[in-house]
Amino acid sequence: MSAGAQLAGGLLDRFSGFVAELRAAGIPISTTEVVDATEALRHLPLEDRTALKAGLAAALVKQDGHRQVFDIMFELYFSLQPAGPQALFDGLSGGGTGAGTEDLTARELAELAYQALVDGSPEMMAALARSAVDRFAGMEAGRPVGGSYYVFKTLRQLEADQLLDQMMSSATEAGQLEGLLLANEYRRHFGSLREHVEAEVRRRLVADRGAQAVARTLRRPLPEDVDFMHLDRDELAALQRNLQPLARKLAVHLARKRRQRRRGRLDFRATMRRSLSNGGAPAEPVFRSPHPSKPELWALADISGSVAAFARFTLQLVYALSSQFSRTRAWAFIDGIDEVTDLLKGSDDISQAVHNINTQADVIWTEGHSDYGHALTDFVQRWGREVTGRTTVLVLGDARNNYHSVHPSAMAEIAERAHNVWWLNPEPRAYWDTGDSVLAQYGAHCAGVWECRNLRQLRHFVEQLP
Amino acid sequence: LTPRFESPQAVNELLRGVGYLADESTAAVTFLGDRLGKPVLVEGPAGTGKTQLAKSVAEMTGARLIRLQCYEGLDESKALYEWNYKKQLLRIQAEQVTRQEETWEELEEDIFSEPFLMPRPLLEAIRATDPVVLLIDEVDRVEVETEALLLEVLSDYQVSVPEMGTVKAKQIPLVFLTSNNTRELSEALKRRCLFLHLDYPPPEREREIVLAKVPGIEASLADQVVRTVELIRSLELKKAPSVSETLDWARTLVLLSVSHLDAATARETLNVLLKHRSDIERAAKELVASPR
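Not measured: the values here are computed from a predicted model.

Rules used throughout
Positions within a chain are numbered from 1, following the residues in the order the chain's sequence is written. For naming, the first written chain is A and the first written ligand is 1, with later ones following in the order written. Thresholds applied to this predicted model are a pLDDT of at least 70 for local features of residues and 80 or more for the giving and counting of side-chain atom pairs; totals over whole chains, interfaces and linings are not thresholded and use all residues. Hydrogens and water are ignored here; the side-chain numbers use all heavy atoms of the structure. Here a strand pair is declared whenever DSSP counts at least two bridges between the two strands. Strands here mean DSSP runs of E at least two residues long; helices mean DSSP runs of H or I at least four residues long; both are numbered from the N terminus. Between the N-to-C directions of two axes lies an angle of 0 to 180 degrees, each axis being a line fitted to C-alpha atoms and, for a helix, fitted only over the stretch in contact. The contact criterion used throughout is that any non-hydrogen atoms of two residues lie within 4.5 Å. Only buried Ala, Val, Leu, Ile, Met, Phe, Trp, Tyr and Cys residues count toward a nonpolar core, and they belong to the same one when joined by side-chain atoms within 4.5 Å. Type-normalised accessible area, obtained with a 1.4 Å probe on protein chains alone, sets the label of each residue: buried when under 20%, exposed when over 50%, and partly exposed for intermediate values. Pairing of aromatic side chains requires ring centres within 6.5 Å, counting the rings of Phe and Tyr and the six-membered ring of Trp. Pairs whose planes differ by under 30 degrees are stacked, by over 60 edge-to-face, and all others tilted. Simply put, the buried area is the total loss of 1.4 Å probe accessible area from both parts when two parts are fitted together. For this document, the term salt bridge refers to a Lys or Arg side-chain nitrogen within 4 Å of an Asp or Glu carboxyl oxygen.

Draft legend 1. Region of interest: the sheet that holds strand β8 (residues 174–179) of chain B. Residues and elements named next belong to chain B. Pairing in this open sheet of five strands is parallel, and the strands run β2-β5-β8-β1-β9 from one edge to the other. Only two strands of the sheet have a single neighbouring strand rather than two, namely β2 (64–69) and β9 (194–197). Ignoring which end each strand starts from, the neighbouring axes of this sheet average 20 degrees apart. With respect to the sheet, helix α2 (residues 24–36) is in contact with β1 (40–43), β8 and β9, its orientation differing from that of β9 by roughly 165 degrees.

Draft legend 2. Structural context of the sheet that holds strand β6 (residues 448–451) of chain A. Residues and elements named next belong to chain A. Strand order in the open sheet formed by six strands is β3-β2-β1-β4-β5-β6, and the pairing between neighbours is mixed. The outermost strands of the open sheet, each flanked by one partner alone, are β3 (337–339) and β6. Recorded for the sheet is a direction-independent mean angle of 20 degrees between the axes of neighbouring strands. Where strand β5 (residues 420–425) lies against β6, four bridges are found, and the strand directions are parallel. What sits directly across from L424, in β6, is W450. Each of β1 (296–302), β2 (327–333), β3 and β5 is contacted by helix α18 (residues 372–383), which is oriented at about 40 degrees to β3, the strand it contacts most. Here helix α19 (residues 408–417) sits on the sheet and contacts β4 (391–396) and β5; the angle it forms with β5, its principal contact strand, is near 130 degrees.

Draft legend 3. How the structure looks around the nonpolar core. Counting 88 residues, the largest nonpolar core has F15(A), F18(A), L56(A), L60(A), F70(A) and F176(B) as its most contacted members. Those residues in contact with F15(A) that lie beyond four places of it in its chain are V34(A), A37(A), T38(A), L41(A), L56(A), L60(A) and F78(A). Formed by 43 residues, the second largest nonpolar core is a distinct cluster that contains L246(A), A247(A), V307(A) and L396(A).

Draft legend 4. Spatial organisation of the environment of I357(A). Residues and elements named next belong to chain A. Structurally, I357 is set in helix α17 (residues 350–360). Judged by relative accessible area, which is 1%, I357 ranks as buried. Distance from I357 to T341, taken between C-alpha atoms, is 9.8 Å for residues 16 residues apart in sequence. Once residues lying within four places of it in the same chain are set aside, the contact partners of I357 are I303, L315, A332, V340, L343 and L344.

Draft legend 5. Spotlight on the packing of aromatic side chains. All names here are of chain A. Within this structure, the stated rule accounts for 20 aromatic pairs over all chains. Ring geometry for F18 against F78: centres 5.1 Å apart, planes inclined by 85 degrees, an arrangement best described as edge-to-face. Of this pair, F18 sits in helix α2 (residues 9–24) while F78 sits in helix α5 (residues 67–78), and the two are 60 residues apart along the sequence. With a relative accessible area of 0%, F18 lands in the buried category. Ring centres 4.7 Å apart and planes at 65 degrees place the aromatic pair W450 and F461 in the edge-to-face group. Of the two residues, W450 sits in strand β6 while F461 sits in helix α21 (residues 455–464), which places them eleven residues apart along the sequence.

Draft legend 6. Quick peek at helix α1 (residues 8–17) of chain B. Where α1(B) is concerned, the buried positions are P8(B), A10(B), V11(B), N12(B) and L15(B). Here the buried face of α1(B) lies against α4 (49–60) of chain A together with α2 and α3 (50–61) of chain B. One or two positions beyond α1(B), positive phi appears at G19(B), with a value near 85 degrees.

Draft legend 7. Spatial organisation of the pairing of β8(B). Residue and element names in this part refer to chain B. Counting buried residues in β8 gives six out of six residues, a clear majority hidden from the surface. Here β8 shows no split at all, with L174, F176 and T178 on one side and V175, L177 and S179 on the other all buried. Where strand β5 (residues 132–137) and β8 come together, four bridges link them in parallel fashion. Residue pairing for β8: V133 is matched across the bridge by L174.

Draft legend 8. Main features of the interface of chain B and chain A. Counting from both sides, the interface comprises 50 residues of chain B and, opposite them, 52 residues of chain A. When chain B packs against chain A, close to 4,400 Å² is buried across both sides, 54% of that on carbon and sulfur atoms. Linking chain B with chain A are four salt bridges, by the criterion used here. Contributing elements (two or more residues each) for the side of chain B that touches chain A: α2, α5 (85–98), α9 (187–191), β9, α11 (219–233) and α15 (277–288) of chain B. The dominant element in the side of chain B that touches chain A, judged by the number of residues it contributes, is α2(B), at eight residues.

Here it is, written out as structure tokens:
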């Protein structure tokens, strides 16, 4: 009997809607994986939501970055029951009548919120979120308003920000280390309250409009498809987390390729020695293993206004790279160029590094509009002699030269000395070489030019390197 | 084929029985791996108990653990099988000495048979008649091309030896693959596996782990240790402290007979927790900051 036949029809329908939605969100799911997940549904105890969620995720989602989308969709399609035991909240409110929270004043609710935020238990949060949405969100059936409006309204009326302030000042009194720990936990609890309120609002929207309609409003690009030029704060933080493993991959990749490509000289002694077991016939030649070489990466980053958003990403990437490569050096340029290796290495985190570079690096020569020609010529004059056959040069920029002279010979000279030159451009391919973009003239000397507007393209770049 | 486990809950209890405190997801995926007969690909940062999971599952099911440690340059002869050509040579020479009349076909059949085959971990796991757990450790270290070696074993539980034919598994072993995610694994490999992401445990569970693994630690100190580690993990570091480093730190503090952690003690012992100089400096700076 097929797996599907044993499942209730309703569940199977729901499941296929769920898979369709995940695919629509861009998560690649093959037919085999759908079959696996259906099979999993048959084995897993359906009443155990955590196990069900984990099991379906294991069969369908093979990348950690996609898990967040999966979690939200799972909740829309499979968790419609009110979350958390009502009894717990009744006990807390001291009512015990089972009537819920309707009798509480806003003041009392705020006090409960305070308790829940200090404690941070998920049951309490869920209960709090439920009554807060009840009271404050003013949700009406059929009203065409997005969920975030209700979330905002609920959190504002709950006076959540003031609560956090209050908690933070109480943390300060708890002693130095304890205070730090508490502050860290409170921030986390606060984020979790927000998530619970969001989940609660979504749950009610689903009850009103159906899972599919809500899912459609929630459709957002996957982390790897978000354009670097339009990142919001959360996405920027997510990007930062994703860059570190990518930088490591790039480092591993470079080291590996170098090791593989070069085969050492014949090791005559070892070959003779091994031949003894074949009766003296040197059947298996032995080669010396090549010297492990240290990849050396030089990054040249355009940090001018036209690529301001990309520049932050660029610096993040370079920062991540510098922790992976033994010898990374970085330069920032606009119309002048300055080495920023020490500024990057000397800072604790990326925001400080960006600040240092913006305030201390000497990247403006005359007017502060990008001038690739001058910046590259200057680079060749000052550092050109240090470029060797072990150096890989990575240029990050849009090659918009503001109609200054191009000096492609500078690029040619870098390319001649270096092992490889790669160019990453944050502009869509269609805009290349239009207007003041002179990419082709530089690109001719590079080993490759890649469009790099989101993490997917960056990952692709790292993986397909020759 | 009888399933090994009753329910995800049962897996969780069994794991606890051998001292591995798993979360519900881990238990559920392990349970499914058995029920669906699929390998489990475990991914996550170093030191979150990926390898230990496979070891613990072997221990709790009373199975033998067969481990294939992956590395760059791993090939067929190290992963699947190899012909013992020295023994084959001896066999041929022995025939010349004893002057037995044997046709080449007979001889060939003889030297490409069972006694001359040296099974490597994958073949060994397939041929085993006793219960086994196969652990393919750090699969991201092999090249993409070598990954293909694993595919036949992982999807059909069989190994093809051209001279002998196909060796099919007599039982479906539990298979775990671990990856530190230093490169993207191929789609083909991922499709054949169930995927489990193991992250650092939440403070509640890590506290439980510390209490279980560090004898003589007081609950209040365990609590402080775990919360401090969590704060440190939230910083931007080259290498965030792993669970085993948390345990080392807790043990150190117990040995120093610290009963209450303060910022000064924490700073002096940070080198147990963090292994990069810049990370230590970064964390030390954070620990003396004033709250907020």
